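Chain and residue survey
Chain by chain, the residues:
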Amino acid sequence: DAGVIQSPRHEVTEMGQEVTLRCKPISGHNSLFWYRQTMMRGLELLIYFNNNVPIDDSGMPEDRFSAKMPNASFSTLKIQPSEPRDSAVYFCASSLLAGANVLTFGAGSRLTVL
Amino acid sequence: AQTVTQSQPEMSVQEAETVTLSCTYDTSENNYYLFWYKQPPSRQMILVIRQEAYKQQNATENRFSVNFQKAAKSFSLKISDSQLGDTAMYFCAAIDNNAGNMLTFGGGTRLMVKP
């Protein structure tokens, strides 16, 4: 298995632009998570899905952020419009809902908003 | 809600020596899991070790072992025979089974292994 695949690895954009981050979870995993990592706030859970359904989005900073999971093999995190304070590394992770509860992380997407 | 606290922002150890990273957590649940993840400069999050709260025996993975003190809500990581490749950020994390698989992280400890 190729693991959790995230794209792009790096994104540099200007304030006000729309940003879309993508994630392909491990095949067979039915829970998917989006985390954000910054120096100031560490690792924060933004949202997670079970069986493609959003369960908890209380970590989503504001209405500029949205996430979708249209099927079991794909999820997006969108920021519109982007702001410099959104600069961070965004991680996607997946796991089995039942069982050992081990989250497998993607390599992350480093976002820089100028 | 869970909280996870790592009180050591940075630590260093000489190669081949042993180092212990501290972690405390707070949860009202009885059924939960605890983890240590490693994040090297490549920024990939790598699972180091896992402990089920209902197991009294401390988990061990090669040179990595934990000291799980359930009553004290303490979960420290011991790295034996430290290697240069162990240099990384280490995150303690907890999952409460009653809150889905939400993983709550501590603030991390930056470990430097010196030659």
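A brief report on the enclosed structure follows.

**Side note on the overall build of chain B**
Along the backbone of chain B there are 0 helices and 13 strands. Whereas a compact globule of 115 residues would reach a radius of gyration of roughly 13 Å, chain B reaches 14 Å, a difference of no more than 12%. Taken along its principal axes, the extent of the C-alpha atoms in chain B is 45 × 25 × 20 Å. Counting over 115 residues, chain B shows a buried share of 50%. The long-range fraction of contacts in chain B, counting pairs at least 24 apart against all pairs at least 6 apart in sequence, stands at 55%.

**Quick notes on the packing of aromatic side chains**
One pair of aromatic rings is described through two measures. These are the centre distance and the angle between the planes. Taken as a whole, this structure holds 12 aromatic pairs over all chains when the rule is applied. Here the aromatic rings of A:Tyr35 and B:Phe105 are separated by 5.5 Å at their centres, their planes lie at 85 degrees, and the arrangement is edge-to-face. On the criterion of chain membership, the pair formed by A:Tyr35 in strand E4 (residues 31-38) and B:Phe105 in strand E12 (residues 103-105) is interchain, its members lying in two chains. Relative accessible area serves as the criterion here: at 1%, A:Tyr35 is assigned to the buried category. Through a chain of ring-to-ring contacts, the aromatic side chains of A:Tyr35, A:Phe91, A:Phe105, B:Phe35, B:Tyr37, B:Phe91 and B:Phe105 assemble into a single cluster.

**A word on the interface of chain A and chain B**
In this assembly, 26 residues from chain A lie in contact with 19 residues from chain B. Looking at the side of chain A facing chain B, the largest losses of area belong to A:Leu43, A:Asn101 and A:Phe105, adding up to 32% of the total buried there. Where chain A touches chain B, the interface holds 0 salt bridges. Between chain A and chain B we count 8 residue pairs in polar contact (both at pLDDT 80 or more) in total. For the side of chain A that touches chain B, the element with the highest residue contribution is E4(A), accounting for 4 residues. Classifying every residue of the side of chain A that touches chain B by side-chain character gives 14 nonpolar, 9 polar and 3 charged.

**Some remarks on the side chain of A:Gln6**
All names here are of chain A. Relative to the elements of secondary structure, glutamine 6 occurs in strand E1 (residues 5-7). Side-chain polar atoms of glutamine 6 contact the backbone nitrogen of cysteine 92, separated by 2.9 Å. In terms of polar contacts, glutamine 6 uses its side chain to reach the backbone amide nitrogen of glycine 108, at 3.0 Å. Leaving out residues up to four positions away in the same chain, glutamine 6 has contacts with Arg22, Trp34, Tyr90, Phe91, Cys92, Gly106, Ala107, Gly108 and Ser109.

**Some thoughts on the state of the cysteines**
Residues and elements named next belong to chain A. A complete count under the given rule lists 2 disulfides over all chains for this structure. Linked covalently through their sulfurs, cysteine 23 and cysteine 92 form a disulfide whose S-S length is 1.9 Å. Disulfide cysteine 23 to cysteine 92: torsion about the S-S bond roughly -70 degrees, handedness left-handed. Of this pair, cysteine 23 sits in strand E3 (residues 19-24) while cysteine 92 sits in strand E9 (residues 88-95), and the two are 69 residues apart along the sequence. An identical accessibility class is assigned to cysteine 23 and cysteine 92; each is buried.

**Quick word on the pattern of salt bridges**
Side-chain pairing between opposite charges can occur once the charged atoms of the two side chains come close. Residue and element names in this part refer to chain A. A complete count under the given rule lists 12 salt bridges over all chains for this structure. Taking the shortest distance from any N to any O, the salt bridge between glutamate 62 and arginine 85 comes out at 3.2 Å. Linking glutamate 62 in the loop between strand E6 (53-56) and strand E7 (65-71) with arginine 85 in the loop between strand E8 (74-79) and E9, this pair joins segments that are 23 residues apart in sequence. Among the residues examined, glutamate 62 registers a relative accessible area of 29% and is labelled partly exposed. We note a salt bridge from glutamate 83 to arginine 64, for which the minimum N-O separation is 3.5 Å. Separated by 19 residues along the polypeptide, glutamate 83 in the loop between E8 and E9 and arginine 64 in the loop between E6 and E7 bring together distant segments of the chain.

**A closer look at the nonpolar core**
Side chains of nonpolar character tend, in soluble globular proteins, to be buried together. Core analysis: the biggest nonpolar cluster contains 25 residues, and B:Trp36, B:Phe75, B:Leu77 and B:Tyr90 have the highest contact counts within it. Sort the elements by how many residues they give to this core and strand E10 (residues 88-96) of chain B lands first, with 4 residues. Ignoring sequence-local partners within four residues, the contact set of B:Leu77 consists of B:Val19, B:Thr20, B:Leu21, B:Trp36, B:Val48, B:Ile49, B:Phe64, B:Ser65, B:Val66 and B:Tyr90. Ranked by size, the runner-up nonpolar core spans 21 residues in total, among them A:Ile26, A:Trp34, A:Ala67 and A:Ala88.

Thresholds, definitions, all that
Residues numbered from 1 in each chain as written. Chains lettered and ligands numbered in written order. Predicted model: local features only at pLDDT ≥ 70, side-chain atom pairs only at ≥ 80, totals over all residues. Heavy atoms only, no water. Helix = DSSP H or I, 4+ residues; strand = E, 2+ residues; numbered from the N terminus. Rg over C-alpha atoms; globule rule 2.2 N^0.38 Å. Buried < 20%, exposed > 50% of the residue type's maximum accessible area, 1.4 Å probe, protein only. Contact = heavy atoms within 4.5 Å. Phe/Tyr/Trp six-rings, centres within 6.5 Å; stacked < 30°, edge-to-face > 60°. Buried area = accessible area lost by both parts, 1.4 Å probe. Salt bridge = Lys/Arg side-chain N within 4 Å of Asp/Glu carboxyl O. Polar contact = N/O pair within 3.5 Å; in protein donor to acceptor, adjacent residues only side chain to side chain. Nonpolar A, V, L, I, M, F, W, Y, C, P; charged D, E, K, R; others polar. Disulfide = S-S within 2.5 Å. Core = buried A, V, L, I, M, F, W, Y, C linked by side-chain atoms within 4.5 Å.

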